[in-house]
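# Summary of the model geometry
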Amino acid sequence: MMSIVTPYLAVSQAFLDALCRVAQSGVAVSLLVPYRLDHWYVFEVTRGFFKPLMDAGVKIYRYTPGMLHAKMICVDNEHAMVGSINLDNRSFYIQYEDGVWFTDQKAVMAVSNDIRSAMNRSHLIEKKDMSRHALLHTFLGLIFRIFAPLM
């Protein structure tokens, strides 16, 4: 089981493919993004990744209480990471971001509980949610994904 929380999702095709392969291999992968973002165009990039992720079996949640700026990962309730690293190319390759990797069971469970609590207050995206205004959002998402390496 892998749970990922990120405010921004603007990754490379290689990262997207790797995450899809993990989900297709049978690992339960969940992604939590904000319901409201600080920049609408960043959400169009994020939304542009939803379909391939959902097709691979990733469950995507939007945090309905509002903006969520946390960056957390929990894997199998054995490993967790909390930090300033967004899932975007700027955080990976340009900026000096930091994260703390936990293996201590008490700390890992605290991160896991935080993620689960946030997901309980979130909306699970379903395919029918994606069909609303699908053509416009798909077009915008594809156009803005061209600029993902700059975001």
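Residues numbered from 1 in each chain as written. Predicted model: local features only at pLDDT ≥ 70, side-chain atom pairs only at ≥ 80, totals over all residues. Heavy atoms only, no water.

### Re helix H5 (residues 105–120)
Helix length check: H5 (16 residues) gives 22 Å between terminal C-alpha atoms against 22 Å at 1.5 Å per residue, within 8%. Among all positions of H5, only Val 108, Val 111, Ser 112, Ile 115, Ala 118 and Met 119 are buried. Along the axis of H5, the buried positions cluster into a sector of 125°, meaning they face one direction only. Seen from the buried face of H5, the exposed residues on the opposite side, beyond 90 degrees, are Lys 106 and Asn 120. (Helix = DSSP H or I, 4+ residues; strand = E, 2+ residues; numbered from the N terminus. Expected span 1.5 Å × (residues − 1). Buried < 20%, exposed > 50% of the residue type's maximum accessible area, 1.4 Å probe, protein only. Arc of directions from axis to C-beta.)

### A look at the nonpolar core
By size, the foremost hydrophobic cluster in this structure holds 28 residues, and its most contacted members are Leu 31, Leu 53 and Ile 60. Secondary-structure elements contributing two or more residues to this core are strand E1 (2–5), strand E2 (9–10), helix H1 (13–24), strand E3 (29–34), helix H2 (40–48) and helix H3 (50–56). Within the second largest apolar cluster, 13 residues are counted, among which are Ala 80, Val 111, Ala 118 and Met 119. (Core = buried A, V, L, I, M, F, W, Y, C linked by side-chain atoms within 4.5 Å.)

### Section: the sheet that holds E1
What the seven strands build is an open sheet, ordered E8-E6-E5-E1-E3-E4-E9; its pairing is mixed. Sheet topology places strand E8 (99–102) and strand E9 (122–124) at the edges, where each strand pairs with a single neighbour. Strand after strand, the sheet turns through a mean of 15° between neighbouring axes, direction not considered. Pairing geometry for E1 and E3, over four bridges, is parallel. Residue pairing for E3: Met 2 is matched across the bridge by Val 29. Across the sheet, H5 is in contact with E1, E3, strand E4 (59–63), strand E5 (72–75), strand E6 (79–83), E8 and E9; its angle to E5 comes to roughly 110°. (Pairing = 2+ DSSP bridges. Axes fitted to C-alpha atoms, helices over the stretch in contact; angles between N-to-C directions. Contact = heavy atoms within 4.5 Å.)

### A few points about unusual backbone geometry
For Asp 76, which is not glycine, the phi dihedral falls at a positive 55°. On the secondary structure map, Asp 76 appears in the loop between E5 and E6. On the accessibility criterion, Asp 76 (44% relative accessible area) is partly exposed. A positive phi angle, close to 50°, is found at Asn 77, a residue other than glycine. Of note, Asn 77 is situated in the loop between E5 and E6.

### Describing the pairing of E5
Pairing analysis gives four bridges linking E1 to E5, with the strands arranged antiparallel. Bridge pairing in E5 links Ile 4 to Ile 73. Two elements, E5 and E6, share four bridges in a ladder whose sense is antiparallel. Opposite Cys 74, over in E6, you have Ala 80 as the bridge partner. The loop that links E5 with its antiparallel partner E6 comprises three residues; one of these, Asp 76, has a positive phi angle of about 55°.

### Overview of the side chain of Lys 71
Within the secondary structure layout, Lys 71 lies in the loop between E4 and E5. The buried charged residue Lys 71 lacks any salt bridge, with Glu 97 as its nearest oppositely charged partner at 6.4 Å. Side-chain polar atoms of Lys 71 contact the side chain of His 69, separated by 2.9 Å. In this view, Lys 71 contacts Val 5, Pro 7, Met 81, Val 82, Gly 83, Ser 84, Ile 85 and Asn 86; residues no more than four positions away in its chain are not counted. (Lys, Arg positive; Asp, Glu negative; His and termini not counted. Salt bridge = Lys/Arg side-chain N within 4 Å of Asp/Glu carboxyl O. Polar contact = N/O pair within 3.5 Å; in protein donor to acceptor, adjacent residues only side chain to side chain.)

### Some details on the environment of Ala 28
In this structure, Ala 28 sits in the loop between H1 and E3. Between the C-alpha atom of Ala 28 and that of Ser 3, which follows or precedes it by 25 residues, the distance is 8.3 Å. Residues contacting Ala 28, with those up to four places away along its chain left out, are Met 1 and Met 2.

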